[in-house]
Amino acid sequence: MFSLTLLKGIRVKIKTLGCRTNIYEAEAIADSFRREGAVISEDLFDVGILVSCAVTKTAEKKCRQFLRQLKRESPDALIVLCGCYVQALTEEELASLGADLYVGNRLKSDLPGIVAKMLNDPIERPLFLKKDVLSNDKWDALELSRVTFHTRSFVKVQDGCNRFCSYCIVPFLRGRPTSRSVKEVAEEVKRLVDHGCKEVVLTGIHLGLYGYGCDFDLGDLINALSRIEGLRRLRFGSIEPHALSDRLIDVLAESDIFCRHLHVPLQSGDDRILSLMQRGYRAEDFINIIRKIRRKLGDDVHISTDIIVGFPGEDEDAFQNTLNLVDALGIGRVHVFPFSPRSGTKAYDMPGRLEGQTIKSRVVRATERGRLSLQRYAQRWLNRKVDILVEHNDGEKVKGLSRHFLEVESSLDQTPSPSVEAFQNGGVGFECEVCVLEAKHGILYGVSSVEKDLSSERGVYRE
Ligand code: SF4
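Rules of the game
- Residues numbered from 1 in each chain as written.
- Predicted model: local features only at pLDDT ≥ 70, side-chain atom pairs only at ≥ 80, totals over all residues.
- Heavy atoms only, no water.
- Domains from an automatic or database assignment.
- Contact = heavy atoms within 4.5 Å.
- Buried area = accessible area lost by both parts, 1.4 Å probe.
- Salt bridge = Lys/Arg side-chain N within 4 Å of Asp/Glu carboxyl O.
- Polar contact = N/O pair within 3.5 Å; in protein donor to acceptor, adjacent residues only side chain to side chain.
- Helix = DSSP H or I, 4+ residues; strand = E, 2+ residues; numbered from the N terminus.
- Nonpolar A, V, L, I, M, F, W, Y, C, P; charged D, E, K, R; others polar.
- Buried < 20%, exposed > 50% of the residue type's maximum accessible area, 1.4 Å probe, protein only.
- Lys, Arg positive; Asp, Glu negative; His and termini not counted.
- Near = heavy atom within 4 Å.
- UniProt positions renumbered as here; feature names shortened; annotations may be inferred.
- Pairing = 2+ DSSP bridges.
- Axes fitted to C-alpha atoms, helices over the stretch in contact; angles between N-to-C directions.

Undergrad: Hey, could you run me through the domain arrangement of the protein in this one?
TA: When the parts of a complex come together, some accessible area is lost, and that lost area is often used as the size of the interface. Per the domain assignment, the segments making up the protein are domain 1 (4–131), domain 2 (152–379) and domain 3 (385–451). In this structure, domain 1 and domain 2 have C-alpha centres spaced 28 Å apart. Domain 1 puts 17 residues into the contact, and the matching count from domain 2 is 24 residues. Note on domain 1 versus domain 2: buried area summed over both sides is about 1600 Å², and carbon and sulfur give 53% of it. Of all residues in domain 1, the largest losses of buried area upon contact with domain 2 belong to Arg20, Tyr24 and Arg106, amounting jointly to 42% of the total for that side. Taken together, the links from domain 1 to domain 2 amount to four salt bridges. One salt bridge connects Asp159 with Arg106, and the closest N-O pair in it is separated by 3.9 Å. Put simply, domain 1 and domain 2 have 13 residue pairs in polar contact (both at pLDDT 80 or more) between them. No other element matches helix H1 (residues 20–35), which puts six residues into the side of domain 1 that touches domain 2. Grouping the amino acids of the side of domain 1 that touches domain 2 by side-chain chemistry returns six nonpolar, five polar and six charged.

In structure tokens:
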């Protein structure tokens, strides 16, 4: 019989690749080891864990590189690969990667127990633990008790997807939709706020499917979290367009802590390509949703997006339609992804694959257009005041994010005041108001004046 006390003093290094949900899971895995007395270490380690990603070929290549790096850094350590890449490969393919333990999705909360067992028993290696996620809707019971960054935490509330967009491997890796109850999420957020968290970013594989098959939805969650005393800011990681129902937009508009930023993946602005992608909407539907958001959340709302460039059959006109839509909608930040063919998806076998060179040149052009659109959006904040939550402070300059999800850098107003002292002490986690004097490469630069009194004002939208 093994005991978790075996983990006391064991040094664990955790590396993460991929999305915000992975970041949350990696932090929660670290917490689960800490709770058993293990030490999370960046240098020497007895157990090296890679929380993997397999969304593109590039992500898979990075996984293999990271794994080799972990093995080089500590040849005697127990090396663990967990998550999406494990789910994507057969046992035979995994064995060639050289880890000691492979753990698929929805089993990550079992990691401390399995690792303790492997450290104690001369179990044959490698060990494979993986389940069929496509027929499983169990919630993997990971929990977070500490703040991910200085002041901001990702909180995973949903897993899985059943949309099966034609290019996407994720539903095969993450499995069926499943959600965490409103009560459980609210308890976790309350715990994080009690430990100094001021901003929570809700994440999921398809956040819009939160509550799928349950008697609660995302609106109920936002209402519950908006009542938590001390939580200043609430955001979504990313939300699919069709999830933005009238009711949800109304709830977001009524919440005094929901930040005016939504990341809504467009993927393509061309109806023919959208249909091949099986996205379930046309360009016009997307336009109507964004218009509705602006009507309810204000014209200043920052809409950022993802686009996929070089999908099979994308001709120059279709590509231009995407760029034109980005411009027409006043989108801010744009993440550009080259089409990555994933075996097992419908798009993998579609005719009309583009030459690598064409895709590369479209990525460059779309990225440049994205830079311009972010700068255009940033410029609307010139000579206005924005609130930032300070995440970096060198005593002279502070950096943080505005409520609209723009990076802001600010020097100090030298007028003597208690807030100047707070800055100069190098503290973080306080909110301050910045008068924006310049916008460059999508970043705002300005001067900070008054530290906000967090005790007297709660989550008031100030920009
Ligand atoms: S909505 Fe589409 S792109 Fe998003 S995870 Fe599901 S299948 Fe993939």
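Undergrad: Before we go on, may I ask you to explain the side chain of Arg260 in this structure?
TA: Looking at the secondary structure, you find Arg260 in the loop between helix H9 (246–254) and strand S12 (261–263). With no salt bridge to any partner, buried Arg260 finds its closest opposite charge in Asp256, at an N-O distance of 8.0 Å. Within polar-contact distance, the side chain of Arg260 engages the backbone oxygen of Ala253 at 3.2 Å. Polar side-chain contacts of Arg260 include one of 2.7 Å to the backbone oxygen of Phe258.

Undergrad: Can you walk me through the site of the ligand in this structure?
TA: Inspection of the region around the ligand gives Cys161, Arg163, Phe164, Cys165, Tyr167, Cys168, Val170, Pro171, His206, Glu240 and Arg279 as its neighbouring residues. Looking at side-chain class alone, the shell around the ligand contains seven nonpolar, one polar and three charged residues.

Undergrad: Before we go on, may I ask you to explain the UniProt feature "domain: MTTase N-terminal" (unreviewed entry) in the protein in this structure?
TA: The UniProt record marks residues 10–120 with the feature "domain: MTTase N-terminal" (unreviewed entry), using the residue numbering of this structure. In residues 10–120, helix accounts for 48% and strand for 21%; the two terminal C-alpha atoms are 12 Å from one another.

Undergrad: Please explain the environment of Val115 as it appears in this structure.
TA: Note on placement: Val115 falls in helix H5 (residues 111–120). As for Val115 and Ile79, which are separated by 36 residues in sequence, their C-alpha atoms are 9.8 Å apart.

Undergrad: Can you walk me through the sheet that holds strand S11 (residues 233–236) in this structure?
TA: Pairing between the strands of a sheet is mediated by backbone hydrogen bonds and can be parallel or antiparallel. One open sheet accounts for three strands, arranged S7-S10-S11; its pairing is parallel. Looking at strand neighbours, the two that pair on one side only are strand S7 (152–156) and S11, the edges of this open sheet. Averaged over all neighbouring strand pairs, the angle between strand axes comes to 25 degrees, with direction disregarded. Summarising the sheet, strand S10 (residues 199–203) and S11 pair through four bridges and their orientation is parallel. If you follow Val200 over to S11, its bridge partner there is Leu234. With respect to the sheet, helix H7 (residues 182–194) is in contact with S7 and S10, its orientation differing from that of S7 by roughly 165 degrees.

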